[in-house]
Amino acid sequence: MPETAMAEAPVKAATGGNILQVRNLEAWYGESHILHGINFDVNAGEVVTLLGRNGAGKTTTLKSIMGIISKRAGSIQFNNQEIIRATSDKIARMGIAFCPEERGIFSSLDVKENLLLPPVVRAGGLPLEQIFDLFPNLKERLSSQGTKLSGGEQQMLAIARILRTGASFLMLDEPTEGLAPVIIQQIGHTIARLKKEGFTILLVEQNFRFASTVADRYYVVEHGKIIDGFSNAELAANMDKLHTYLGV
Amino acid sequence: MQALYAQLLVGLINGSFYALLSLGLAVIFGMLNIINFAHGALYMMGAFAAYFLLNVGGISYWWALLLAPIIVGIFGMILERTMLKFLTGLDHLYGLLLTFGIALIVQGVFQNYFGSSGLPYAIPDQLKGGMNLGFMFLPIYRGWVVVFSLVVCLGTWFLIEKTRLGAYLRAATENPTLVRAFGINVPRMITLTYGLGVGLAALAGVLSAPINQVRPLMGADLIIVVFAVVVIGGMGSIMGSIITGFALGVIEGLTKYFYPEASNTVVFVLMVLVLLVKPTGLTGRAA
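Residues numbered from 1 in each chain as written. Chains lettered and ligands numbered in written order. Predicted model: local features only at pLDDT ≥ 70, side-chain atom pairs only at ≥ 80, totals over all residues. Heavy atoms only, no water.

Participant: So what exactly am I meant to see when it comes to the side chain of Asn-36 of chain B here?
Facilitator: Residues and elements named next belong to chain B. With respect to the element layout, Asn-36 can be found in the loop between helix H1 (2-32) and helix H2 (39-55). Take Asn-36: its relative accessible area is 0%, and that puts it in the buried class. Within the structure, the side chain of Asn-36 is placed 3.1 Å from the side chain of His-39, a separation counted as a polar contact. Residues within four places of Asn-36 in sequence aside, it is in contact with Leu-25, Ile-28, Leu-42, Thr-99, Tyr-194 and Phe-227. (Helix = DSSP H or I, 4+ residues; strand = E, 2+ residues; numbered from the N terminus. Buried < 20%, exposed > 50% of the residue type's maximum accessible area, 1.4 Å probe, protein only. Polar contact = N/O pair within 3.5 Å; in protein donor to acceptor, adjacent residues only side chain to side chain. Contact = heavy atoms within 4.5 Å.)

In structure tokens form, the structure reads like this:
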């Protein structure tokens, strides 16, 4: 696989100031070395997508940024503060929110409790009325058990609950996985609207057709490294390469 | 008939202790996934704390109801921070063996200093005497134990099932990693939860002191029955523990009246039946 100069010099972003800077990030699951020196930047107000095949290290990258994987090395700077040694609760309180691939809806909590579970970490979160405006289904299901919702509703709930925390940097791990096209479209609209509201979003996706509707820039992850990166404007020119990277 | 009511009252009082202790065990098991065999020893420490507060510090029963659970709860939190937290992710057996060892050490230390016989703890003046209800004579202190235990149990249930803090606890029971990634300090919450469970045991110890005397092995006698109560109610189920605690106390009391020979074993027979029919307990959910 062609390895570009990405590992040394991340693609420059076009929009606002640098909010996340990842340098030489390595991570381990027990003895398994998963990330081998990840480098990339995310700028304020951008939607950046990590693309790559299954097992490439995309989810591990998000979990490492969030502090969920404790065995990690390198540097992660968020708003110019080093967070590589911070615990996940402290990272969350700095304004990073994570929506996991498996959604993480709690079965012992109803929809309202799930929605209100993450504490407000700073001002600027969306009020409930605005969240219900984005996801009207949730308002009708507030007293239902969280895991009784459909897959799409659970995904909406998983995104909705991190919007009220005041976190400005959202990490969404495969939000479209296993969902019907109409729901995928709705989630795409939501991401576009969140971007307009000023949220910065780091997205992990295998579905680059979906990603292309919302992303400003892309990084391709393979074998625990960033092997390529390009902007949305360069997507068409990189399509062949992308097909090769993703094996589609 | 008087004897039946008297046994019912005894059953309700025993049920109060079962409920308070099994509730603490359920809270600890739900959050820490630890079968806390030290619970009986911590119950005993609650009674001893009340005894020392009164005899050394001149501190009354009423203050002991507040202070003893705090003192023993802090001891529990130290245990959690220094030992139990290292058992995270390990098989239940490790927690059971460690807490069983802690129970033996704590009981051994108290037995070494205070012997095996009971130390007296007087009923507070305000709760002495009794009331004639017409169909039975009700000692006020025993009535107080039943009512107070019920209030504490329902308060704990409300805290866990109906408040934001309780939602954190329930969520952390399911997925502590994600709850922590939401910004909640889960390790601190686990320590406080263990303190709460231990505090409930100590509170039961204070309530028990005027009835059962203060003895180093008072918890060891009770803990096996309490574990049976938790198994019948369903491990980790809060309301299950409360209802089962009171219900089994009453069933035990009725058995004492109708067939006294079975009164010591009826709880265990029920446990076997429940395990055969519904292994997760009456209100427990499958893992």
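Participant: Would you take a moment to explain the packing of aromatic side chains for this structure?
Facilitator: Working definition: an aromatic ring pair is given by the centre-to-centre distance plus the angle between the planes. Residue and element names in this part refer to chain B. Under the counting rule described, the total for this entry stands at 18 aromatic pairs over all chains. Where Trp-62 meets Trp-144, the ring centres are 5.4 Å apart and the plane angle is 70°; that geometry is what we call edge-to-face. Of this pair, Trp-62 sits in helix H3 (residues 61-82) while Trp-144 is found in helix H5 (residues 140-162), placing the two residues 82 residues apart along the sequence. A residue is classified by how much of its surface remains accessible, and Trp-62, at 32% relative accessible area, is partly exposed. (Phe/Tyr/Trp six-rings, centres within 6.5 Å; stacked < 30°, edge-to-face > 60°.)

Participant: How should the interface of chain B and chain A be read in this particular structure?
Facilitator: How large an interface is tends to be reported as the accessible area lost when its parts come together. The interface of chain B with chain A comprises 18 residues on the first partner and 24 residues on the second. Residue Asp-89 of chain A is joined to Arg-180 of chain B by a salt bridge in which the shortest nitrogen-to-oxygen separation is 3.0 Å. Counting across the chain B and chain A interface gives seven residue pairs in polar contact (both at pLDDT 80 or more). Of all the secondary-structure elements, those providing two or more residues to the side of chain B that touches chain A are helix H6 (164-174) and helix H7 (176-181) of chain B. Per element, the largest residue contribution to the side of chain B that touches chain A is six residues, and it comes from H6 of chain B. Partitioned by chemical class, the residues of the side of chain B that touches chain A number eight nonpolar, four polar and six charged. (Salt bridge = Lys/Arg side-chain N within 4 Å of Asp/Glu carboxyl O. Nonpolar A, V, L, I, M, F, W, Y, C, P; charged D, E, K, R; others polar.)

Participant: What am I meant to see in the packing of H1 of chain B against H5 of chain B here?
Facilitator: Each pair of packed helices can be described by the angle between their axes along with the distance between the axes. Residue and element names in this part refer to chain B. At a minimum axis distance of 9 Å, the contact between H1 and H5 shows a crossing angle of 25°. One finds that H1 runs roughly parallel with respect to H5. Crossing of H1 over H5 shows left-handed handedness. Residues Leu-9, Leu-12, Ile-13, Ser-16, Phe-17, Ala-19, Leu-20, Leu-23 and Val-27 of H1 form the contact with H5, whose own contacting residues are Arg-142, Val-145, Val-146, Ser-149, Val-152, Cys-153, Thr-156 and Ile-160. Each residue belonging to the contact of H1 with H5 can be placed in one class, and the counts come to 13 nonpolar, three polar and one charged. (Axes fitted to C-alpha atoms, helices over the stretch in contact; angles between N-to-C directions. Parallel < 35°, antiparallel > 145°, perpendicular 65-115°, else oblique. Left-handed = near helix turned anticlockwise from the far one by under 90°.)

Participant: Would you explain the sheet that holds strand E8 (residues 200-205) of chain A in this entry?
Facilitator: The strands that make up a sheet pair up through hydrogen bonds in the backbone, lying either parallel or antiparallel. Residues and elements named next belong to chain A. On the basis of which strands lie adjacent, the open sheet formed by six strands has the order E6-E7-E8-E3-E9-E10 and mixed pairing. Pairing within the sheet leaves two strands with one partner each, and these edge strands are strand E6 (96-99) and strand E10 (225-231). Averaged over all adjacent pairs, the angle separating strand axes in this sheet is 20°, with direction ignored. Alignment of strand E3 (residues 47-51) against E8, held across five bridges, turns out to be parallel. Within E8, the residue paired with Val-47 across the bridge is Ile-201. (Pairing = 2+ DSSP bridges.)

Participant: Hey, could you run me through a nonpolar patch on the surface in this one?
Facilitator: A grouping of Trp-63, Leu-66, Ile-70, Ile-74 and Ile-78 of chain B is seen on the molecular surface, where their side chains present a nonpolar patch of about 510 Å² in accessible area. Among the structural elements, Leu-66 of chain B can be located in helix H3. (Patch = residues over 30% accessible without salt bridge, like charges linked within 9 Å, V, L, I, M, F, W, Y side chains within 5 Å. Areas by Shrake-Rupley, 256 points an atom, 1.4 Å probe, with all protein chains shown as cover.)

Participant: Teacher, can you tell me more about the sheet that holds strand E4 (residues 72-78) of chain A here?
Facilitator: All names here are of chain A. With antiparallel pairing, the four strands of this open sheet are ordered in space as E2-E1-E4-E5. Of all the strands in the sheet, just strand E2 (32-43) and strand E5 (81-82) have a single pairing partner and so form its edges. The strands touched by helix H1 (residues 58-66) within the sheet are strand E1 (18-29), E2 and E4, with E1 carrying the most contacts at an inclination of about 110°.

Participant: Whenever I open this one, the pairing of strand E7 (residues 169-173) of chain A confuses me. Can you help?
Facilitator: The two faces of the sheet receive side chains in turn, since in a regular strand these alternate between them. Residue and element names in this part refer to chain A. Burial runs high along E7: five of the five residues are buried. Taking every second residue as pointing to the same face, both faces of E7 are buried, with Phe-169, Met-171 and Asp-173 on one and Leu-170 and Leu-172 on the other. Summarising the sheet, E6 and E7 pair through four bridges and their orientation is parallel. In the sheet register, Ile-96 faces E7, and the bridge partner there is Phe-169. Handedness of the E7-helix H7 (residues 181-197)-E8 crossover: right-handed. (Right-handed = clockwise from strand over helix to strand, strands pointing away.)

Participant: Got a minute to help me understand the layout of surface pockets in this structure?
Facilitator: Taking a probe equal in size to a water molecule and rolling it over the atoms shows the remaining empty space. Residue and element names in this part refer to chain B. The volume enclosed by the second largest pocket comes to roughly 340 Å³. Lining the second largest pocket are 19 residues, and of these Asn-14, Tyr-18, Asn-212, Leu-222 and Glu-252 lie nearest its centre. Elements that contribute at least two residues to the lining of the second largest pocket include exactly H1, helix H8 (186-212), helix H9 (218-233) and helix H10 (238-258). Ranked by residues supplied to the lining of the second largest pocket, first place goes to H1 with five residues. (1 Å grid on protein atoms, 1.4 Å probe; cavity = no way out; pocket = protein on both sides within 12 Å on 5 of 7 lines; lining within 4 Å. Points joined across faces, edges and corners; volume = space filled by probe spheres on them.)

Participant: What am I meant to see in unusual backbone geometry here?
Facilitator: Most peptide bonds adopt trans geometry, and most residues besides glycine take a negative phi value. Residues and elements named next belong to chain A. Its identity as a non-glycine residue notwithstanding, Asn-79 has a phi of 50°, on the positive side. Assignment of secondary structure puts Asn-79 in the loop between E4 and E5. Look at Asn-79 and you get partly exposed, because its relative accessible area is 40%. In the Ramachandran plot, Glu-174 falls in the positive-phi region, its phi being about 45° despite a non-glycine side chain. Structurally, the position occupied by Glu-174 is in the loop between E7 and H7.

Participant: Would you take a moment to explain H1 of chain A for this structure?
Facilitator: The periodicity of an α-helix, 3.6 residues per turn, causes residues three or four places apart in sequence to face the same way. All names here are of chain A. Taking burial as the measure, the nine residues of H1 include eight buried ones, the bulk of the element. Burial in H1 covers these residues: Lys-58, Thr-59, Thr-60, Thr-61, Leu-62, Ser-64, Ile-65 and Met-66. Among the residues trailing H1, Gly-67 stands out with phi positive, at a value near 85°.

Participant: Which parts of the structure should I look at to understand the pattern of salt bridges?
Facilitator: Close approach of charged atoms allows side chains of opposite charge to pair. Residues and elements named next belong to chain A. This structure, assessed with the given rule, holds 11 salt bridges over all chains. A salt bridge links Asp-41 to Arg-23; the nearest nitrogen and oxygen atoms lie 3.0 Å apart. One end of the pair, Asp-41, is in strand E2; the other, Arg-23, is in strand E1, and 18 residues separate them in sequence. Here Arg-23 falls in the partly exposed class, since its relative accessible area comes to 23%.

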